[in-house]
Each structure stands twice: as C-alpha cells, then as structure tokens.
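Overview (structure and organization)
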Amino acid sequence: MIPIAVTIAGSDSGGGAGIQADLKTFSALGVYGASVIAALTAQNTKGVTGIHDVPPEFVTAQLDAVYSDLKVRATKIGMLSRPATIEAVAAGLKKHHARNVVLDPVMVAASGDRLLVPEAVETIKRVLFPLADIITPNLAEAAALLDQPIAKHENEMAAQGEALLALGAKAVLVKGGHAATKHAVDVLIEPSGIRRFTAERVDTPHTHGTGCTLSSAITAGLAKGLALHDALAAAKSYITGALKAGVNLGVGTGRGPVHHFHQLWAKVGMS
C-alpha cells in the first residue's frame, strides 16, 4: 500500500510553491499526496499579487474529509495566513491524532512578498509548535519568530534553534540556504544535540518553492517510515538535485521553480 501524506498550505497559481510544489514532491518521491487548501494566492515567478483566505470552517471540513478516510502517515503544514485558520488546523490535528507533523513556518515568498498577517506569528508559536515533530524555518523566518537579527553563522543558527525548541517543538531545522557561505548548511537542533546537514551550494536563480519542496520531501521520507535524520538527509539530496535541474525547465520570466521531477525525467530521457 502506498504511503500517504497530506499538505495543509496555500495554493500557488504559478505551480512552483505551496500546495502544488508539495504534491509534486510527494509524487516524485513515491508518496500519495492529499491536500487541505488554507488559502489561494494569485502568484507567479515574479511575485504574489493577491491572497484569498479559505474560511476556517471549510479548512476544518477538508481536514475531516481527508483524515477520516485516508491513512495519513505524515503531515506537512505550510502557509497559514490568519490566526483563525491556524486555530482550525491545530484543532483538526488534535482531533485526528496526526503524526509525523512537519511545520514549515512560511512567512515571506521567495519574491519578498509577505504571506501572513503579523498577529498570526504568535498563534503559530502558541498552538502549532507543540504539535510539530519538526519545524523548518529559514534564516529570516527563525529570526522573525524570535524577533531577533538574522543569524550570521552556524553558532547563531544553533542558538536560535535552541530558543525555538524551548517554545515547544520537538526538533528544529534552521535552514541556511540564504547564507553567504560556500556550502548550504542546515542545522538540526534536538533535545539530544545538534547535527549539521551540508550540501554544495547551487548558484541558480531558479529557487521558487525551495523551502516548500524541502519540507515536503522531509514529510515524504517520514511517510515512508524513514527515521528523522534519514528523512532529512534524503530531502537535502533531493532539493540539491531539484535546484541544479531547475535551469532545464525555463518556466516564467522571474524566479523560476525548482525541478521536482528531475530524477524521473532523467530516467526517461527528458531534461
């Protein structure tokens, strides 16, 4: 039986991030993907021009429909733009005893457009952190969650991860993809210690959906029964390949998407 994962996030009309990126990643990695759409965005490779929030009661209806029927092994949470939506998601996760919860606290799109109202940040920390098995903020998101300056080196990344861990999450992956370093280093902070995940830095403008894709790749690994460290290592390798292959897509005129199906297409002789 195929493993099942669900993504609870916003839709990206341009197809490169959000729900669309998550479902592509699940499929590329051999996982059946279901979805709960929390918001619609008018978005392309150049930016976000509009956000339409799904009513919280309909988010709840989607959650009930998915979890009452499908044997969900892992859950990824992405863009949730308003406190009422966040509260509805938290209630649904508790009701359905969701496991392997990966929280990607999406605040700003790759284009720089803000994706949630300021008061939503405190709600995410209060109601979702305690339900998450791992949270995956990038440098800017970790700083915003703590109201601190952006970490400049790995020691500061680790310190911010420990501060986030103290807020209730079971593990924190502070992503260093935006750092000006030779290698792309992510730092995992757990109660048992700290671990580095490193890969070559890919110099490319095709980075739309990178954060969504990494977190959904981690979710896919957990859905397949991988231990957390193994799921992180596999996801890191996958996103590196997706970044390298993004140049082959030629999608849009702005910040292009990563190539979610790079492994499959290579096998069948496509770009």
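Residues numbered from 1 in each chain as written. Predicted model: local features only at pLDDT ≥ 70, side-chain atom pairs only at ≥ 80, totals over all residues. Heavy atoms only, no water.

Quick look at the nonpolar core now. Core analysis: the largest hydrophobic core is formed by 45 residues, its most contacted members being Ile8, Ile77 and Leu128. Of the residues forming this core, the biggest block, 5 residues, is contributed by helix α4 (residues 119-128). Apart from residues no more than four positions distant in its own chain, Leu128 is found in contact with Ile77, Leu80, Ile86, Val89, Ala90, Leu93, Leu103 and Thr123. Membership of the second largest hydrophobic core comes to 26 residues, among which are Val102, Leu188, Leu214 and Ala242. (Core = buried A, V, L, I, M, F, W, Y, C linked by side-chain atoms within 4.5 Å. Buried < 20%, exposed > 50% of the residue type's maximum accessible area, 1.4 Å probe, protein only. Helix = DSSP H or I, 4+ residues; strand = E, 2+ residues; numbered from the N terminus. Contact = heavy atoms within 4.5 Å.)

Let's shift gears to the environment of Leu29. Structurally, the position occupied by Leu29 is in the loop between α1 (18-28) and β2 (32-44). As for Leu29 and Leu128, which are separated by 99 residues in sequence, their C-alpha atoms are 26 Å apart.

For helix α8 (residues 228-245), with 18 residues, the first-to-last C-alpha span of 26 Å sits near the 26 Å given by 1.5 Å per residue. All buried positions along α8 are accounted for by Leu228, Ala231, Leu232, Ala235, Lys236, Tyr238, Ile239, Thr240, Gly241, Ala242, Leu243 and Ala245. (Expected span 1.5 Å × (residues − 1).)

Quick look at helix α7 (residues 210-223) now. Spanning 14 residues, α7 covers 20 Å between terminal C-alpha atoms, matching the ideal 20 Å at 1.5 Å per step. Taken across its 14 residues, α7 has 12 buried, putting it largely inside the fold. Burial in α7 covers these residues: Cys212, Thr213, Leu214, Ser215, Ser216, Ala217, Ile218, Thr219, Ala220, Gly221, Leu222 and Ala223. Once α7 finishes, Gly225 follows within two positions and takes phi at roughly 95°, a positive value.

Let us look at the packing of helix α5 (residues 139-146) against helix α6 (residues 154-165). As a packed pair, α5 and α6 sit with axes 10 Å apart at the nearest point and diverge in direction by 50°. With respect to each other, α5 and α6 are oriented oblique. In this structure, α5 meets α6 at a crossing whose hand is left-handed. Across the interface between the two elements, Leu139, Ala142, Ala143, Leu145 and Leu146 of α5 pack against Met157, Gln160, Ala163 and Leu164 of α6. (Axes fitted to C-alpha atoms, helices over the stretch in contact; angles between N-to-C directions. Parallel < 35°, antiparallel > 145°, perpendicular 65-115°, else oblique. Left-handed = near helix turned anticlockwise from the far one by under 90°.)

Moving on to the side chain of Thr204. With respect to the helices, strands and loops of the structure, Thr204 is situated in the loop between β9 (193-200) and α7. You can call Thr204 buried: its relative accessible area is 16%. Of note is the side chain of Thr204, whose polar atom sits 3.0 Å from the backbone nitrogen of His206. (Polar contact = N/O pair within 3.5 Å; in protein donor to acceptor, adjacent residues only side chain to side chain.)

Turning to the pairing of β9, a few remarks are in order. Where strand β8 (residues 183-190) meets β9, 8 bridges bridge the pair, whose relative direction is antiparallel. Opposite Ala184, over in β9, you have Ala199 as the bridge partner. Between β8 and β9, which pair antiparallel and follow one another directly, the connecting turn spans 2 residues. (Pairing = 2+ DSSP bridges.)

Relative to the elements of secondary structure, Thr219 occurs in helix α7. Look at Thr219 and you get buried, because its relative accessible area is 0%. Within the structure, Thr219 has its side chain in polar contact with the backbone oxygen of Ser215 (distance 2.8 Å). Setting aside residues up to four positions removed in sequence, Thr219 forms contacts with Ala5, Phe26, Ala74, Thr75, Lys76 and Val102.

This paragraph deals with the pairing of strand β3 (residues 47-53). As paired strands, β2 and β3 are joined by 6 bridges and run antiparallel to one another. From the neighbouring strand, Gln43 faces β3, where its bridge partner is Val48. Between β2 and β3, which follow one another and run antiparallel, lie 2 residues.

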